[in-house]
Amino acid sequence: MAEEKGNEMAATEDVRPLYDLTNRLSPFLDLHMMFLLIQYLQDKDFYNQKDLTLVTLDFLRVTNMFDYTLEVLKSLDPSEVDPNE
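These numbers were taken from a predicted model, which means no experiment stands behind them.

Draft legend 1. Representation of the environment of Arg16 in the model. On the secondary structure map, Arg16 appears in the loop between helix H1 (2-12) and helix H2 (22-25). With relative accessibility at 35%, the residue Arg16 sits in the partly exposed group. When the C-alpha positions of Arg16 and Tyr47 are compared, they lie 9.5 Å apart, and in sequence the two are 31 residues distant. In this view, Arg16 contacts Lys44, Asp45 and Phe46; residues no more than four positions away in its chain are not counted.

Quick look at the structure:
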């Protein structure tokens with residue numbers, strides 16, 4: 001009976017993030033390569049989309065990728081983006 005509950009829990013729980021190596025690889029990658037990796041994680045729905053978008057914005061703060069920053073901000077909330085800023 002206990003095994004049945006464990007099997008049900010394992011079947012409903014997503015184990016993909018347990019095998020995700022992004023956390024271990026990221027210190028060795030260039031910041032611009034991290035954008036590709038985050039985009040891949042967004043496409044695969046491993047993590048919450050809003051959390052990944054916020055991480056992308058954190059990385060963009062130290063780059064000069066202004067156009068991409070505006071694009072990411074628009075994806076969060078299009079009404080709050082002022083392109084003149």
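Now that the structure is up, let's keep going.
Draft legend 2. Fine view of helix H3 (residues 31-44). With 14 residues, H3 should reach 20 Å at 1.5 Å per residue; the first-to-last C-alpha distance of 20 Å fits that figure. Every buried residue of H3 is listed here: Met34, Phe35, Leu37, Ile38, Leu41 and Gln42. For H3, the secondary structure elements touched by its buried residues are H2, helix H4 (49-60) and helix H5 (66-76). Where H3 ends, the next residue or the one after it, Asp45, has phi of about 55 degrees, a positive value.

Draft legend 3. Broad picture of the packing of aromatic side chains. A complete count under the given rule lists four aromatic pairs for this structure. When the centroid spacing of 6.5 Å and the interplanar angle of 80 degrees are considered together, the rings of Phe46 and Tyr47 count as edge-to-face. The exposure class assigned to Tyr47 is partly exposed, which follows from its relative accessible area of 33%. Connected via pairs of aromatic rings, a cluster forms that spans Phe35, Phe59 and Tyr68.

About the cut-offs
Residues numbered from 1 in each chain as written. Predicted model: local features only at pLDDT ≥ 70, side-chain atom pairs only at ≥ 80, totals over all residues. Heavy atoms only, no water. Helix = DSSP H or I, 4+ residues; strand = E, 2+ residues; numbered from the N terminus. Buried < 20%, exposed > 50% of the residue type's maximum accessible area, 1.4 Å probe, protein only. Contact = heavy atoms within 4.5 Å. Expected span 1.5 Å × (residues − 1). Phe/Tyr/Trp six-rings, centres within 6.5 Å; stacked < 30°, edge-to-face > 60°.

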